[in-house]
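Close look at the chain arrangement
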Amino acid sequence: EAEVAQSPRYKITEKSQAVAFWCDPISGHATLYWYRQILGQGPELLVQFQDESVVDDSQLPKDRFSAERLKGVDSTLKIQPAELGDSAMYLCASSLARGTGNTEAFFGQGTRLTVV
Amino acid sequence: GENVEQHPSTLSVQEGDSAVIKCTYSDSASNYFPWYKQELGKRPQLIIDIRSNVGEKKDQRIAVTLNKTAKHFSLHITETQPEDSAVYFCAASKGSNYQLIWGAGTKLIIKP
């Protein structure tokens, strides 16, 4: 069964360092989401791509976060510099969502980030 | 923009009883309403979804109902089992941008 791949699974970094996360969505999925989830809370959308274009990045802290999906396939989320408050689970999800209306969003296993 | 409210935040039910979780949404243009289950330490997974052209959908012990006039939808779990213990999230979306707006989640506890 096709899955959304994310790496790394776990990352520990010192504050002020740079960190990057990678996501490979299910093949053919046009929409890709990056979420941040703090323990005990719901997913918070950071950025949404439709193919290679950003659809929504209104909640992305653009002074330190950046995201790209250059060829409309895999995506990278970067934080520079990392702050203690960035410690969270970073989830990537993808959905087919191309001219067919909304469809199921499939989540990757996530990257657990700890900033020390 | 769209806002989704979810209640209750925690729900404790006896094994075998039914559980109901409710969500309300603000944007009448929303037309897709999925429910996700997230077990501790795991990723959210879709358990059922409903589109605005139907009022109810069932899948074994799980059902979702939608009231477009009142702008609310509910998840119903019957004959609850220990493996139903998890956090459940509702979401709402419009077809125009595929953006998912999430509820805050409900922690469901099944008491033996």
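Up top is the structure.
So, here's what we can say about the structure.

About the cut-offs
Residues numbered from 1 in each chain as written. Chains lettered and ligands numbered in written order. Predicted model: local features only at pLDDT ≥ 70, side-chain atom pairs only at ≥ 80, totals over all residues. Heavy atoms only, no water. Phe/Tyr/Trp six-rings, centres within 6.5 Å; stacked < 30°, edge-to-face > 60°. Helix = DSSP H or I, 4+ residues; strand = E, 2+ residues; numbered from the N terminus. Buried < 20%, exposed > 50% of the residue type's maximum accessible area, 1.4 Å probe, protein only. Disulfide = S-S within 2.5 Å. Salt bridge = Lys/Arg side-chain N within 4 Å of Asp/Glu carboxyl O. Pairing = 2+ DSSP bridges. Axes fitted to C-alpha atoms, helices over the stretch in contact; angles between N-to-C directions. Contact = heavy atoms within 4.5 Å.

A few words on the packing of aromatic side chains. For the structure shown, the criterion picks out twelve aromatic pairs over all chains. A centroid spacing of 5.7 Å and a plane angle of 85° characterise the contact between Phe107 of chain A and Tyr36 of chain B, whose relative ring orientation is edge-to-face. Remark: Tyr36 of chain B occurs in strand E4 (residues 32-38) and Phe107 of chain A occurs in strand E10 (residues 106-107); the pair is interchain, linking two chains. Each ring, one from Tyr25 of chain B and one from Phe33 of chain B, has its centre 4.7 Å from the other, and the planes form 45°; the classification is tilted. Across the pair, exposure class does not vary: Tyr25 of chain B and Phe33 of chain B are buried alike. By the ring-pair criterion, three or more aromatic residues cluster together here, those being Tyr33, Tyr35 and Phe107 of chain A together with Tyr36, Phe89 and Trp102 of chain B.

All names here are of chain B. Applying the stated criterion across every chain, the model contains two disulfides over all chains. The disulfide that involves Cys23 links it to Cys90, with 1.9 Å between the sulfurs. When the S-S torsion is -100°, as for the bridge of Cys23 with Cys90, the disulfide is left-handed. Separated by 67 residues along the polypeptide, Cys23 in strand E3 (residues 19-25) and Cys90 in strand E9 (residues 86-93) bring together distant segments of the chain. For Cys90, a relative accessible area of 0% puts it in the buried group.

Quick look at the pattern of salt bridges now. Any two side chains of opposite charge can pair if their charged atoms end up close together. Residue and element names in this part refer to chain A. Within the structure shown, the criterion is met by nine salt bridges over all chains. For Arg36, the salt bridge goes to Glu44, with nearest N and O atoms at 3.3 Å. On the accessibility criterion, Arg36 (12% relative accessible area) is buried. A network of salt bridges, in which partner residues are shared, links Arg36, Glu44, Arg64, Glu83 and Asp86.

Attention shifts here to the sheet that holds strand E1 (residues 5-7) of chain A. Strands belonging to one sheet form pairs held by backbone hydrogen bonds; the direction of such a pair is parallel or antiparallel. Residue and element names in this part refer to chain A. If you walk across this open sheet you meet the four strands as E1-E3-E8-E7, and the pairing is antiparallel. For this open sheet the edge positions go to E1 and strand E7 (65-68), each flanked by a neighbour on one side alone. With direction set aside, neighbouring strand axes in the sheet form an average angle of 15°. Taken together, the four bridges between E7 and strand E8 (residues 75-79) define a ladder with antiparallel strand orientation. Among the inter-strand pairings, Glu68 is bridged to a residue of E8, identified as Thr76.

Attention shifts here to the environment of Gly72 of chain A. Residue and element names in this part refer to chain A. One can find Gly72 in the loop between E7 and E8. Take Gly72: its relative accessible area is 15%, and that puts it in the buried class. Separated by 23 residues in the primary sequence, Gly72 and Phe49 have C-alpha atoms spaced 8.2 Å apart. Ignoring anything within four residues of it in the chain, the contact list for Gly72 reads Asp51 and Glu52.

Don't take any of this as a statement about function, it's just geometry.
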